[in-house]
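Read off the chains here:
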Amino acid sequence: MVTQLGGPATRALPAPGKSEPPERGTSLTGRIVKIVLLGLVVAIAIWAAFPLVANEAWIGLGLLVATTAVLLRLYLTPRHIPAKYLAPGTVLLIAFQIFPVLYTASTAFTNYGDGHRGNKDEAVVAIESASVTQVPGSLQYALSVATTGDPATGPLVFLITDPVTKQVSAGDADGLKKIDDATVTGSGKVTAADGYTILNAGQASLRSGEITALAVPVDGGAIRSSGLSRAYEGKAGRAYDESCDCIRDTATGNTWTADETVGAFVAADGERLAQGWKVGVGFSNFTRVITDRSISGPFLATLVWNFAFALGSTGGTFVLGMLVALALHSKRVRGRNVYRLLLVLPYAMPAFAMLLVWRDMFNTDFGLINNLFGLHVNWMGEAGTARLAVLLVQLWLGYPYMFLVTTGALQAIPAELSEASRIDGAGAWQSFRRIVLPLLMVALTPLLISSFAFNFNNFNAIYLTSEGGPFPADNPMNGATDLLITYTYRLAFGGSGAQYGYAAAISIFIFLIVGLVSAIAFKRTRAQEEVYA
Amino acid sequence: MRLRALGVVAAMTIPLLAAGCGGSDDSPSATSPSADKKAGELLIWADDKRAAALKPFADKFGSENGVTVKIQAISKDQQTTFVTASQQGSGPDVMVGAHDWIGNLVQNGAIDPVQLSGEQKSGIAENALKAVTFNGQTYGVPYATENLALIRNTDLAPEAPATIEDLVSTGQKLKTAKKASEILALQVGQTGDAYHLYPLYASAGGYLFGTNASGDYDAKDLGVGKPESVAAFKKIAALGEKGSGALKRSITSDNSISTFTGKKSAFLISGPWAITDVKKAGIKYDITPVPAFAGGKPATPFLGVQTFYVASKGKNKALAQEFVTNYVTTPELAVALYNAEPRPPALTAAFDQVKGSDPDLAKWQDAGKNAIPLPAIPEMAAIWDPFGKAEAAIIGGADPAKTIEAAGKTISSSIK
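Note that this is a predicted model, so its numbers are computed, not measured.

1. Remarks on the confidence of the model for chain B
All names here are of chain B. Looking at chain B, pLDDT values average 85 and 90% of them are 70 or higher. The low-confidence segment residues 1-39, where pLDDT is below 50, has 64 contacts with residues more than four positions distant or belonging to other chains. Reported confidences for the modelled complex are a pTM of 0.80 and an ipTM of 0.77.

This is how it looks when you write it as structure tokens:
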């Protein structure tokens, strides 16, 4: 097969030295669609620019302006025809392949995960604000937020009423001072005071940050707001000390020193504060994957089953799909289209729901399969039957796809070839084996490889049916039907919360395995194509 | 033409992508200009049912205070969504969720403590308040509680069983008389269910985490794998598939309630969420505490507490604090949320208001009298999976000692 791809592009190239009319050969609808789509690009670019400016993300903004400019230039000028064809693919490649891969790779070198999501400043703020407690035996006050100036900008003042003495005081960052001429409600809330403008909730909520930050110093602590209508005397139990780069407990004097290698504040006895931050950890996630006994131990068995599952799902669905396609390819079958329609049904149903339905059908006591055949098999409870069950489910879910693509490929094979072979004396089997199958494989091998790669990482197929089980009694981490992806998901997210860095490192290993298998398979396909093409 | 159009469509993804890059570059500092626009607005996240129930109260709070209150329903993975969104600066001001999230939310700096007055605290059920207390701080305002109890079909079993052994013998009699096909509907499944098994585990003498002097859970004292847990699982194994068959892996979270409503079993161990289905099936039922093993400890279920949280990274924290501490603590809201889904209100005033119209409430409360708050420490995340699998294996007939010791090892290695 000789490809003709070079043809049209060459013809569309402008003649050298001669400027072309810009919209040559484009219909009116085409032009309108082009204007609308390019207009959308510009609109989205402008829409995306606002948050970028707001966040002062100048690099992102530069990237945005540059890509938009390049795209507009590309599609508004008649030149760069090859680039016009390449741009969409390149954009998709960057957006959906290169960017995620780079992002995953960069995450793999950090400890990003639960307890290590933000930066150090955020961890310090979290520790300090979590340590503010009400001073024992202190009072709660009715609070009105007021200002001596303009409601939107004037300096904030807390007007509070002592619940015992009914004394009204005004407090700001300098401290409390008593005021006398204030109107107070029965509950102690100040509704008016000379020289102060009391903010209503709407005005106050516009200055939320300042209100939360305001602490009126008093003996033994500070008066802070609890919402907009109540204040309490609180005290921060822990504070960050820059001189020692540590957190100090004001009551006990204990210190936790910042450890930049683990991204946490650690005490001398090894106790860590829960609120940590994200740091680079070098290759430690990768070495952990390699050295962790709980990974390396069952790794080989899981890998073997993983290959068996991927090959079994792909091979099984292909064989069944192909047999059905061959049967329906024969012109002697009546009502072929009805059959075809019915056979495609499983493909049209959402796999997500079907997997759950199948899981329930395999239930020992209440499942359809045991009831129908009068069996009492604990399908998901034994390694062998659980593996058979997940493969059966895959077979049911996957064969319509194989049936569809094989039908398509079969119709592309000229009937004369089979006829010719029959005239030469070949039987039906020989004709299929020597003529049809090789031609089918040329068309279908790439699809089989991608199906293999998909099934190799078919998380849902396992997670929604057997959940990786059954598990050996002495090892709850690795089950008989676990794929690498479900197994590592459990390792990274099952134990102590989400560990994205670790998960990213594992996924890079899986990527390498799948990539290697696909590369070898594609190399073999190319050899095959050379033979039959 | 088509190719070219496709190209432009694809091209539109570039600006989006660039926006994505910029967003992740420096999200922490993302406050100043957009914050001004958002102020005066309170954003609340809740699950679907509660979002609908909250709406009128949010509107009322908004119009009383001259602010806009927006409610957004988050239907799946609320906790993860909240933590991730908070970190990116696109989270809510107030979050509604279960109390056992607290440990993880605190270590991620996602929620702020609330300071309740003595009066407010005394209005909240004591065990609910204890559940939202973590490291000596109150981290939210509870509004409803939930716990497991024994739901019984009174036509099949008129008397409430005094012990698990009673329950099993009644169930077996019904089975021989062909009135039921299962002894008990307690969800296990192929991977177990630690939450639903816990009352039996506790009654048989097992524990998950010990407590320190101040009554907080101590992650260093892991009870799984200890001799007590082995003894407990020996008793549970006797109820399993190789024993009396009261506990079976074929009863799962999907079919346990329908086994009961389909009259296949006279007993169901479940929570308030099951009652709607039971009522719909028209079954005469009664709710009693989960029975203990004869001569065992009380079968204490876990107490779950639905809670309002103030988000640390919310844009309007003062207003959020006002809403959570001074508005959620009023009974009207708790009653409305009760009407959306019948879980016992945590505010005693609200509970008293609705208990007259719903005789089940007092029964749920009685069943949860000894309930212990679900541990909120982050280490609890390491328990669920291995514990459940060990449970399923033992119920299926595996050796209790070997299995639970292996689970204990797995748990302690992922805690460290």
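From this point, the narrative continues.
2. Some words on the sheet that holds strand 13 (residues 246-249) of chain A
Neighbouring strands of a sheet are bound in pairs by backbone hydrogen bonds; such pairs are parallel or else antiparallel. All names here are of chain A. If you walk across this open sheet you meet the four strands as 12-13-14-15, and the pairing is antiparallel. Either end of the sheet is taken by a strand with one partner, and the two such strands are strand 12 (238-241) and strand 15 (264-266). Averaged over all adjacent pairs, the angle separating strand axes in this sheet is 30 degrees, with direction ignored. Relative to strand 15, strand 14 (residues 255-259) is paired through three bridges, and the arrangement is antiparallel. Along strand 15, the bridge assignment pairs T257 with V266. Across the sheet, helix 5 (residues 120-130) lies against strand 12, strand 13, strand 14 and strand 15, angled at about 150 degrees from strand 12, the strand it touches most.

3. Overview of the domain arrangement of chain B
Residues and elements named next belong to chain B. Partitioning chain B into domains gives domain 1 (9-146 + 304-372) and domain 2 (149-300 + 383-415). Between domain 1 and domain 2, roughly 1,300 Å² of surface is buried when both sides are summed, and carbon and sulfur atoms account for 63% of that area. At the junction of domain 1 and domain 2, the tally comes to one salt bridge. One salt bridge in this structure joins K363 and D286, with 3.0 Å as the shortest N-O distance.

4. A short note on the state of the cysteines
Residues and elements named next belong to chain A. Summed over the entire model, instances satisfying the criterion amount to one disulfide over all chains. A disulfide bridge connects C244 with C246, and the sulfur atoms are separated by 2.0 Å. Of note, the bridge from C244 to C246 carries an S-S torsion of about -45 degrees and is left-handed in sense. Given the relative accessible area of 30%, C244 is considered partly exposed. With relative accessibility at 2%, the residue C246 sits in the buried group.

5. Examining the pattern of salt bridges
One side chain can pair with another of opposite charge once the charged atoms of both are near each other. One pass over the structure, following the stated rule, counts 27 salt bridges over all chains. A salt bridge links D254(B) to R359(A); its shortest N-O distance comes to 2.2 Å. On the criterion of chain membership, the pair formed by D254(B) in the loop between helix 11 (227-238) and helix 12 (256-261) and R359(A) in helix 11 (residues 351-361) is interchain, its members lying in two chains. Exposure remark for D254(B): the relative accessible area of 44% places this residue in the partly exposed category. On the accessibility criterion, R359(A) (22% relative accessible area) is partly exposed.

6. Structural notes on the environment of D365(A)
Within the element layout of this structure, D365(A) appears in the loop between helix 11 and helix 12 (368-373). Once you skip the residues sitting within four places of it in the chain, D365(A) turns out to touch N371(A), H376(A), K248(B) and S250(B). Looking at D365(A), its side chain comes within polar contact range of the side chain of S250(B), at 2.4 Å.

7. Side note on the nonpolar core
Formed by 136 residues in total, the largest nonpolar core has its most connected members in L208(B), V224(B), F308(B) and F323(B). Those residues in contact with V224(B), other than ones at most four positions away along the chain, are Y201(B), Y207(B), L208(B), S229(B), I383(B), F387(B), I404(B), A407(B), G408(B) and I411(B).

8. A word on the side chain of T259(B)
Residue position: T259(B) is located in helix 12. A relative accessible area of 2% means that T259(B) is categorised as buried. Every residue in contact with T259(B), bar those within four places of it in the chain, is listed here: F366(A), E182(B), A185(B), K264(B) and S265(B).

9. Describing the packing of aromatic side chains
Here the structure, examined in full by the defined rule, presents 33 aromatic pairs over all chains. Between W358(A) and F362(A), the aromatic rings sit 5.9 Å apart at their centres with planes inclined by 35 degrees, giving tilted as the arrangement. Given a relative accessible area of 14%, W358(A) falls into the buried group. Look at F362(A) and you get buried, because its relative accessible area is 2%. On the basis of an interplanar angle of 45 degrees and a centroid distance of 5.6 Å, the ring pair of Y201(B) and F233(B) is categorised as tilted. Residue Y201(B) is found in helix 10 (residues 194-203), and its partner F233(B) is found in helix 11; the two are separated by 32 residues along the sequence. Looking at Y201(B), the relative accessible area reads 0%, which means it is buried.

10. Overview of the interface of chain B and chain A
The interface is formed by 82 residues belonging to chain B together with 84 residues belonging to chain A. Across the interface of chain B and chain A, roughly 6,500 Å² is buried in total on both sides, 63% from carbon and sulfur atoms. Seen at the junction of chain B and chain A, the total is four salt bridges. Of the charged contacts, one joins R490(A) and D385(B) as a salt bridge, the two residues approaching to 4.0 Å between their closest N and O atoms. Linking chain B with chain A are 26 residue pairs in polar contact (both at pLDDT 80 or more), by the criterion used here. For the side of chain B that touches chain A, the secondary-structure elements that each account for two or more residues are helix 1 (2-11), helix 2 (13-25), helix 3 (32-38), helix 5 (78-88), helix 6 (102-107), helix 14 (317-326), helix 18 (381-395) and helix 19 (400-415) of chain B. The residue inventory of the side of chain B that touches chain A, partitioned by class, reads 36 nonpolar, 30 polar and 16 charged.

11. Points about a nonpolar patch on the surface
Residue and element names in this part refer to chain A. Where nonpolar side chains cluster on the molecular surface, the patch consists of L28, I32, V36 and L40 and spans about 370 Å² of accessible area. Along the polypeptide, L40 turns up in helix 2 (residues 28-54). When its relative accessible area of 38% is taken as the criterion, L40 is described as partly exposed.

12. With respect to helix 8 (residues 284-291) of chain A
Along helix 8 of chain A, the residues classified as buried are N285(A), F286(A) and V289(A). The arc enclosing the buried residues of helix 8 of chain A, seen along the axis, measures out at 100 degrees, which places them on a common side.

13. Observations regarding the domain arrangement of chain A
When the domains of chain A are assigned, the result is domain 1 (26-79), domain 2 (130-241) and domain 3 (291-532). Computed over C-alpha atoms, the centres of domain 1 of chain A and domain 3 of chain A are 42 Å apart.

14. Some words on the pairing of strand 7 (residues 141-146) of chain B
Residue and element names in this part refer to chain B. With respect to burial, strand 7 is a largely interior element, six of its six residues being buried. In the sheet, strand 7 pairs with strand 13 (residues 302-311) via five bridges, with the strands oriented antiparallel. Pairing of P142 across the sheet is with T307, part of strand 13.

15. What about the packing of helix 13 (residues 383-412) of chain A against helix 15 (residues 428-456) of chain A?
Pairs of packed helices are described in terms of their axes, by the angle between the two and the distance that separates them. All names here are of chain A. Packing of helix 13 against helix 15 leaves a shortest axis separation of 10 Å and a crossing angle of 145 degrees. As helix 13 packs across helix 15, the resulting crossing turns out to be right-handed. Between helix 13 and helix 15, the residues in contact are Q394, Y401, M402, V405, T406, A409 and L410 and V436, L440, A443, L444, L447, L448, S451 and N455, respectively. For the contact of helix 13 with helix 15, a count of residues per class yields 11 nonpolar, four polar and no charged.

16. Details of the UniProt feature "transmembrane region" (unreviewed entry) in chain A
Residues and elements named next belong to chain A. The UniProt feature table records "transmembrane region" (unreviewed entry) at residues 32-52, 58-76, 85-103, 303-326, 338-358, 388-414, 435-454 and 500-522. From the first C-alpha to the last, residues 32-52 spans 30 Å; its make-up is 100% helix and 0% strand. Helix makes up 93% of residues 388-414 and strand 0%. Its end C-alpha atoms lie 38 Å apart.

17. A closer look at the sheet that holds strand 12 (residues 285-288) of chain B
All names here are of chain B. If you walk across this open sheet you meet the three strands as 11-8-12, and the pairing is antiparallel. The outermost strands of the open sheet, each flanked by one partner alone, are strand 11 (267-270) and strand 12. Taking the axes of each pair of neighbouring strands and ignoring which way they run, one obtains an average angle of 25 degrees across the sheet. Summarising the sheet, strand 8 (residues 149-153) and strand 11 pair through four bridges and their orientation is antiparallel.

18. Some words on unusual backbone geometry
Among all residues except glycine, the phi angle is most often negative; among peptide bonds, the trans geometry is most common. All names here are of chain B. The backbone of D77 sits at a positive phi, close to 50 degrees, despite the residue not being glycine. Considering the arrangement of structural elements, one finds D77 in the loop between strand 2 (68-73) and helix 5. On the basis of relative accessibility, which here comes to 49%, the residue D77 falls in the partly exposed class. Notably, K263 is not glycine yet its phi reads approximately 60 degrees, a positive angle. For K263, the location among the structural elements is in the loop between helix 12 and strand 11. Of the residues examined, K263 reaches a relative accessible area of 47% and is grouped as partly exposed.

What counts and what doesn't
Residues numbered from 1 in each chain as written. Chains lettered and ligands numbered in written order. Predicted model: local features only at pLDDT ≥ 70, side-chain atom pairs only at ≥ 80, totals over all residues. Heavy atoms only, no water. pLDDT = per-residue confidence, 0-100. Contact = heavy atoms within 4.5 Å. Pairing = 2+ DSSP bridges. Helix = DSSP H or I, 4+ residues; strand = E, 2+ residues; numbered from the N terminus. Axes fitted to C-alpha atoms, helices over the stretch in contact; angles between N-to-C directions. Domains from an automatic or database assignment. Buried area = accessible area lost by both parts, 1.4 Å probe. Salt bridge = Lys/Arg side-chain N within 4 Å of Asp/Glu carboxyl O. Disulfide = S-S within 2.5 Å. Buried < 20%, exposed > 50% of the residue type's maximum accessible area, 1.4 Å probe, protein only. Polar contact = N/O pair within 3.5 Å; in protein donor to acceptor, adjacent residues only side chain to side chain. Core = buried A, V, L, I, M, F, W, Y, C linked by side-chain atoms within 4.5 Å. Phe/Tyr/Trp six-rings, centres within 6.5 Å; stacked < 30°, edge-to-face > 60°. Nonpolar A, V, L, I, M, F, W, Y, C, P; charged D, E, K, R; others polar. Patch = residues over 30% accessible without salt bridge, like charges linked within 9 Å, V, L, I, M, F, W, Y side chains within 5 Å. Areas by Shrake-Rupley, 256 points an atom, 1.4 Å probe, with all protein chains shown as cover. Arc of directions from axis to C-beta. Left-handed = near helix turned anticlockwise from the far one by under 90°. UniProt positions renumbered as here; feature names shortened; annotations may be inferred.

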